[in-house]
Amino acid sequence: MSPTSPASPARFASPESPENPTPTRRLTTAQALVAFLARQYTERDGRRQRLISATWGIFGHGNVAGIGQALVETGHGGNGTAHRMPYLQGRNEQAMVHAAVGYARQSGRLSAHAVTTSIGPGATNLVTGAALATINRLPVLLLPGDTFATRPADPVLQQLEVPYAGDVSVNDCLRPVSRYFDRITRPEALIPAALQAMRVLADPAETGAVTLALPQDVQAEAYDWPEEFFAERDWHIRRPAPDAYELETAVRAIRSARRPLIVAGGGVRHSAAEETLAAFTAATRIPVASTQAGKGALRHDHPADVGGIGHTGTATADELARTADLVIGIGTRFSDFTTASGTLFTDPAVRFLHLNITAFDAHKLAALPLVADARAGLEALTAALAGRGYRVDPAYETEYTGAKEAWEERVEASFATPAPTARPTQTQVLGLLDDLVTEEDILINAAGSLPGDLHKLWRTRSRDQYHVEYGYSCMGYEIPAAIGVLLAAGTQQRTRPVWALVGDGTYLMNPTEIVTAVQENLPLKLLILQNHGYASIGGLSASVGAERFGTAYRHRDPDGGFTGPPLPVDLAANAASLGLRVLRAATVDDLSKALSEARDAEGPTCVYVETETPDTVSGPPPAQAWWDVPVAETASRPAAVKAREEYDRQVAARRRHL
């Protein structure tokens, strides 16, 4: 579903003249949109691929006779004519967006999916997925149905009535989470709106969720469309080079730094700049820490890789951050997890240099901006430094490589398994998976305690192995995203094992796309870790004085709390009822065999394991940096009073970088 070919020029109809009137084609608005989308391409570095390679859809009265009919009319098969629009059947609208986002990320933001829904709840279900896409700067095209533009009856089924505005519908909820939004109230309005939508989707500095709200009557209305609208168009993905002044300023800052540290973010991956980053570190020996989105920018065994940074980072990276005099951000947004809520970069003289394709991100933390594509910027920096003999002090290099080796010992201790008949902890589950995978495997996760364990401990072997969505940290992302990744893998999906790692809380949020994986016979590897509740939030709750309230999946006790026996929920049986082959593992030995069997499976397979709590056995290393979650300033319960004392101690170290 992501064909590529060498770039070719776009073809357009001949110009209008009295002798040669502009040719037209009579189609409905929906038919025209589908035909248009099937002819949009992106091009970067001489490679060409479909911009919108498939459309997800759940149909209702707001889109069944419009986009639904258009997909039939235009042709929805996936293996025939190049201009057909493949259709993918979803079970939940939010999940369809997650699948599209997983596809876009695996496709390097060069190819995306569209998602069509009916009006009403189908449209509002898109909001969470749209927020996730936009926060993570990943392209997805949303095509929700909308209420009648002509208003023959008012209100219609599922219409939101707003007394002060007749032109508002529930789709307006999508405005703040969309990078571009338009409501197509006339057929001809589709032409400029569709072109703007493609521009934003293909723009590496602007991309995210794009919404075209489609009133159901307009979808079915016919219009004489100019043939030029359906010509193939190539949207070039630019690689802007840095400004000469900003580049020279950046070079001077690096050359004067004694303890520089790189923070690699998702922009490294989106720009395919991993090899360029490796070349830059080879020349300068500057260590590289990574955000959740940037993990994998260097392999775990690269000498300069010091692991994750921030609240979920490694001791190695965080100690380097505390003493760094120059922090070089590459393609990162510097969220509160990365900066430890403003407490991590503590050197009095620390400065920041941010290489980012967006000026908005490049100026954060009062940084010296280097506004450019990550790869183009790194190439320019490497060339500019080459003739000036810059390299970090050998003692600094020895320091961070030694600290990295010490951290690896802590990883080994966390991964070490007890007797084969014992129940594994969550980190021991990761250790068994670590023993099994190769650089071909892809791991997907988004929420709970797993992102922290993975960021600290996982040994990333390839640029796209580590797929953790932590911009929105959305429970329920993993299973549909894995489907999107498998679709992006195309013919490689049988040789690239894709693992969706979920806890029981996340599983219960959004398991519906298991049905889609079964329907498409996609070799999804679903790993369910049963720990009877929201383990991550339970730990956070305990640390902030909320006493784990409402975080366990247990029966009520006589006092009204939830401290009774665990709920008798059988997630393995649930997954099996949706069509998965399920392998239950009760012990370390069982799990090792089940993971191996699942990895080799041709069809969708689930491994289910109940994990031991880290309270009773060795767990992961604790957080190496703080995270600001405000604690009650006044309280009568001792847990909250004590937590507030710790909070006041930590917050005193916060610093605004001006």
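Figured I'd write up the structure that's included with this text.

How each quantity is defined
Residues numbered from 1 in each chain as written. Predicted model: local features only at pLDDT ≥ 70, side-chain atom pairs only at ≥ 80, totals over all residues. Heavy atoms only, no water. Salt bridge = Lys/Arg side-chain N within 4 Å of Asp/Glu carboxyl O. Helix = DSSP H or I, 4+ residues; strand = E, 2+ residues; numbered from the N terminus. Buried < 20%, exposed > 50% of the residue type's maximum accessible area, 1.4 Å probe, protein only. Contact = heavy atoms within 4.5 Å. Polar contact = N/O pair within 3.5 Å; in protein donor to acceptor, adjacent residues only side chain to side chain. Phe/Tyr/Trp six-rings, centres within 6.5 Å; stacked < 30°, edge-to-face > 60°. Lys NZ or Arg CZ within 6 Å of the ring centre and 35° of its normal.

Under the counting rule described, the total for this entry stands at 42 salt bridges. For Glu248, the salt bridge goes to Arg252, with nearest N and O atoms at 3.9 Å. In this pair, Glu248 and Arg252 are both assigned in helix α8 (residues 244–255), four residues apart and thus about one turn of the helix distant. By relative accessible area, which is 29% here, Glu248 ends up partly exposed. Here Asp464 and Arg496 are joined by a salt bridge, their closest N and O atoms 2.8 Å apart. You can see Asp464 sitting in the loop between α17 (450–457) and β20 (466–468) and its partner Arg496 sitting in the loop between α18 (478–489) and β21 (498–503), a full 32 residues away along the chain. Accessibility classification places Asp464 together with Arg496 in one group, the buried group. A cluster of three or more residues bridged by salt bridges with shared partners is formed by Arg44, Asp45, Arg239, Asp373, Arg375 and Glu379.

What follows is about the environment of Ala289. Structurally, Ala289 is set in strand β14 (residues 288–290). For Ala289 and Ala317, which are 28 residues apart along the polypeptide, the C-alpha to C-alpha distance reads 5.8 Å. The residues contacting Ala289, other than those within four sequence positions of it, are Leu261, Ile262, Val263, Ala264, Val306, Gly307, Ile309 and Ala317.

Turning our eyes to something else, we now look at the side chain of Thr116. Position of Thr116 among the secondary structure elements: in strand β7 (residues 112–117). In terms of polar contacts, Thr116 uses its side chain to reach the side chain of Asn63, at 3.0 Å. In contact with Thr116, other than residues within four places in its own chain, are Thr55, Trp56, Gly57, Ile58, Phe59, Asn63, Ile67, Met96 and Leu143.

What the rule picks out here adds up to 13 aromatic pairs. Judged by centre distance (4.9 Å) and plane angle (75°), the rings of Tyr223 and Trp225 are edge-to-face. A network of ring pairs unites the aromatic residues Phe36, Tyr223, Trp225, Phe229 and Phe230 as a single cluster. When the ring centre of Tyr41 is taken as reference, the NZ or CZ atom of Arg48 above it lies at 3.7 Å. Above the ring of Tyr466, the side-chain terminus of Lys295 is found at 5.5 Å from the ring centroid.

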